[in-house]
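Coordinates in review
Read off the chains here:
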Amino acid sequence: VSDVLVLAEHRRGELRPVGRELLGAAHALSEQGLGPVVLATIDAEAEANAAQAAVGALLAERLPAVVLAAHGRGALGFAPALAARGGYGFARDVTAVNWERGELRAERGVYGEPVRELGFPGKDTVLLLLRAGAFDPVDPRGAELEQIELRPTPDARVRHDGYLDRPVEARDQALGEADFVLAAGRGLADEGAQGIARMQRLADRLEATLAVSGALVEGGLAPGVRKAGISGRRVAPSVYVALGISGAPQHLAGIARSHTIVAVNRDPDARIFEIAHYGAVADAFEVLGELERRLG
Amino acid sequence: VKLLVTTDRFALESALALRADGDELLALAVGDEPRGRAFHHALAMGADRAVRVWDPLLAEAGGPGGVDELALAAVLAAVVRLEQADLVLCPAQSLARADDVTGIAAAGLLDRPHAYDVVGVERVGERLAVQRRLDGGRAELLRLTMPALLAIRTGSNAPRRPDLRAVRRAREQPIAGLGLDELGLSAEALDVSAGARVFALREHRPQRSARPIDGSPAEIAARIVELAGEGIAP
């Protein structure tokens, strides 16, 4: 039976934590009857054309049944090209994957869209981009598995020309294009404008963009341009951290495309936990205080 | 140089900024939008021509729930070949539609160099100087040879607003239609191109719950910093 290949990103040799979730999904597939799990690692910032060639060569050699990668900027930069070119099966935003009676099944969907149940008839290799937070993590150290370190060689058509450390729009940019959003909700309204000012300072220290829920705009605590949601700004950052937001439907639909949503709310039944990838039931002010303490 | 843009405001703005004298800028949309508002907007913004690809077969490729993104990529690649476009610009992180894998997939079919999540682009001679977004607000600078395909980040520029006269003029311009036959694509070819088959659609199940972060407020704060760093740290 063919392998389950995990394509995990590392930063300076350290596996990104979402890699443990990919391994968890892979081990579950292996237990359902697919072959052994193979862990391939690649630099999270590898140039996409070079990464495409390196991963493509590995797939051609190993012919895995399934390739699991994280749904994020890294894999979105080359996995669609690889899948289209190789005639592989492909799905993004995957929240469930199973091997049932000799067939691969997956589900994809983000909040506000129906869940799509997917199959991959006629595809010997299927590339899936998994959502963070949807699968139980497994520690790679305990598991016995084959590991391959990919070292992409540059594509002759693409020349690396350096880095820009602070592109002009990086700091406190318009909400719609922000990559890291810190969001405040009604749970932080008790101190009036003071709570929002604290969030703004925290956002500055984290180099994040501040967003607020509709309740704070209606309460006059924040301007409308800060409002995330369908009736404000739709956002799709890599990380969305929500403190004290309970989650009105228009807000949830407007943030659904964020890659990782982390929510803190006192109410365990808050609707934001239906969409968040990680959730903590706690007082938003207490967590804000601890965040301030940690970041000096 | 011939530029081809899918009808996305930010990709269009990039294309208009890149266009030099003598270049041709073509706006493409694949869909059944009856009144063609997206095309007229593209023409009003400054595109030279608009091409619309539609065939009922497109709705069926990949099963219910919308056209499969990889099947769409096959259509895009076929138009690029037919038009012999040198530079293709598509959306990345598009919030309006979830089609931001289509462009990169088409680049794979065309075997062209590509860049995703592009926040800046300039022409330097025969090459493109591209800023590709990395985590933490950083960017990588790349030089790409043409022909190439770029996926432009939503919100990375300020799309021009056409004036009323340009909008009126655009409404009178013709929109060329292309069928699958003219692109050399069949229902079977699209079916093979599709990345997945949708077997069923069901309502979002709200019972899926977030992975819990337990512990004291201090422990929660530590985990938030870790998760944030995971997504955005340099």
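Preceding this section is the structure that the text describes.
Residues numbered from 1 in each chain as written. Chains lettered and ligands numbered in written order. Predicted model: local features only at pLDDT ≥ 70, side-chain atom pairs only at ≥ 80, totals over all residues. Heavy atoms only, no water.

With respect to the overall build of chain A
Rules: A run of DSSP states H or I qualifies as a helix once it reaches four residues; a run of E qualifies as a strand once it reaches two. Both are numbered from the N-terminal end. Only C-alpha atoms enter the radius of gyration; for comparison, a globular chain is expected to reach 2.2 Å times N to the power 0.38, where N is the number of residues. To sort residues, take the accessible area from a 1.4 Å probe on protein chains only and compare it with the maximum for the residue type: under 20% means buried, over 50% means exposed, and anything in between is partly exposed. We call two residues contacting when some pair of their heavy atoms lies within 4.5 Å. Here the open area of atoms and residues is found with the Shrake-Rupley method and a 1.4 Å probe, where only the protein chains shown may cover a residue. Asp and Glu are treated as the negative residues and Lys and Arg as the positive ones, with His and the ends of the chain left uncounted. The atom standing in for a charge is NZ when the residue is Lys, CZ when it is Arg, CG when it is Asp and CD when it is Glu.
From N to C terminus, chain A includes eight helices and 15 strands. In terms of C-alpha radius of gyration, chain A reaches 21 Å, essentially the compact-globule figure of 19 Å for 296 residues. Principal axes of the C-alpha set define a box for chain A whose edges measure 60 × 45 × 35 Å. Here chain A, with 296 residues, has 61% of them falling under the buried criterion. Sequence separation of at least 24 residues holds for 66% of the intrachain contacts in chain A that already meet a minimum separation of 6. Accessible area of chain A: about 11600 Å², with a carbon and sulfur share of 47%. Of the side chains in chain A, 33 bear a positive and 40 a negative charge, and the two mean positions are spaced by 4 Å.

Quick look at the sheet that holds strand β11 (residues 211-212) of chain B
Threshold: By definition, two strands form a pair when at least two bridges between them are found by DSSP. Geometry is summarised by axes, namely lines fitted to C-alpha atoms with helices restricted to the contacting stretch, and by angles between N-to-C directions that run from 0 to 180 degrees.
Reading across from one edge, β12(A)-β11(A)-β13(A)-β14(A)-β15(A)-β11(B) is the order of the six strands in this open sheet, with parallel pairing throughout. Strands with a single pairing partner mark the edges of an open sheet, and in this sheet they are β12 (209-212) of chain A together with β11 of chain B. Examined bridge by bridge, strand β11 (residues 180-184) of chain A and strand β13 (residues 239-243) of chain A share five bridges and lie parallel to one another. The residue bridging Ala 183 of chain A from the neighbouring strand is Ala 242 of chain A, located in β13 of chain A. Of the strands in this sheet, β13 and β14 (260-265) of chain A are in contact with helix α8 (residues 284-294) of chain A, which crosses β13 of chain A at around 125 degrees.

So, the nonpolar core
Applied cut-off: Joining through side-chain atoms within 4.5 Å is the link that ties buried Ala, Val, Leu, Ile, Met, Phe, Trp, Tyr and Cys residues into a set, and such a set is a nonpolar core.
In this structure, Leu 7 and Leu 127 of chain A together with Leu 4 of chain B are the most contacted members of the largest nonpolar core, which totals 61 residues. Counting residues per element, this core draws most heavily on helix α4 (residues 69-83) of chain B, which supplies ten residues. Residue contacts for Leu 4 of chain B: discarding those within four places in its chain leaves Leu 26, Leu 28, Leu 76, Val 79, Val 80, Ala 85, Leu 87, Val 88 and Leu 89 of chain B. The next biggest cluster of nonpolar side chains, apart from the first, holds 35 residues, and it includes Ala 284, Val 287 and Leu 288 of chain A together with Ile 224 of chain B.

Notes on the packing of aromatic side chains
The following threshold applies: Classification of ring pairs uses Phe, Tyr and Trp, with its six-membered ring standing for Trp, and accepts pairs whose centres are within 6.5 Å; under 30 degrees between planes counts as stacked, over 60 as edge-to-face, and the remaining range as tilted. Criterion for a charge above a ring: Lys NZ or Arg CZ within 6 Å of the ring centre, and within 35 degrees of the ring normal.
By the definition in use, this model includes zero aromatic pairs over all chains. The positively charged end of Arg 105 of chain A is found above the aromatic ring belonging to Phe 199 of chain B, 4.1 Å away from the centroid. Arg 138 of chain B extends its terminal NZ or CZ atom over the ring of Tyr 163 of chain A, reaching a point 5.3 Å from the ring centre.

A few points about the pattern of salt bridges
Counted only if it meets this: Put simply, a salt bridge is a Lys or Arg side-chain nitrogen that is within 4 Å of an Asp or Glu carboxyl oxygen.
The tally for this structure, following the rule as stated, stands at 35 salt bridges over all chains. The salt bridge partner of Asp 111 of chain B is Arg 85 of chain A, with a shortest N-O separation of 3.9 Å. With one member in each of two chains, Asp 111 of chain B in the loop between α5 (102-110) and β5 (114-124) and Arg 85 of chain A in helix α4 (residues 79-86) form a pair that bridges those chains. The exposure class assigned to Asp 111 of chain B is partly exposed, which follows from its relative accessible area of 43%. For Arg 271 of chain A, the salt bridge identified is with Glu 274 of chain A, shortest N-O distance 4.0 Å. When its relative accessible area of 37% is taken as the criterion, Arg 271 of chain A is described as partly exposed. Overall, the relative accessible area of 17% leaves Glu 274 of chain A in the buried class. Salt bridges sharing partners connect three or more residues here, namely Arg 92, Asp 93, Arg 131 and Arg 257 of chain A together with Glu 69 of chain B.

Brief notes about α5 of chain B
Every α-helix winds through 3.6 residues per turn, so residues three or four apart in the chain are directed the same way. Residue and element names in this part refer to chain B. For α5, the tally of buried residues reaches eight of nine residues, placing the bulk of the element in the interior. Listed in full, the buried residues belonging to α5 are Thr 102, Gly 103, Ile 104, Ala 105, Ala 106, Ala 107, Gly 108 and Leu 110. Phi turns positive, to about 55 degrees, at Asp 111, one or two residues after α5.

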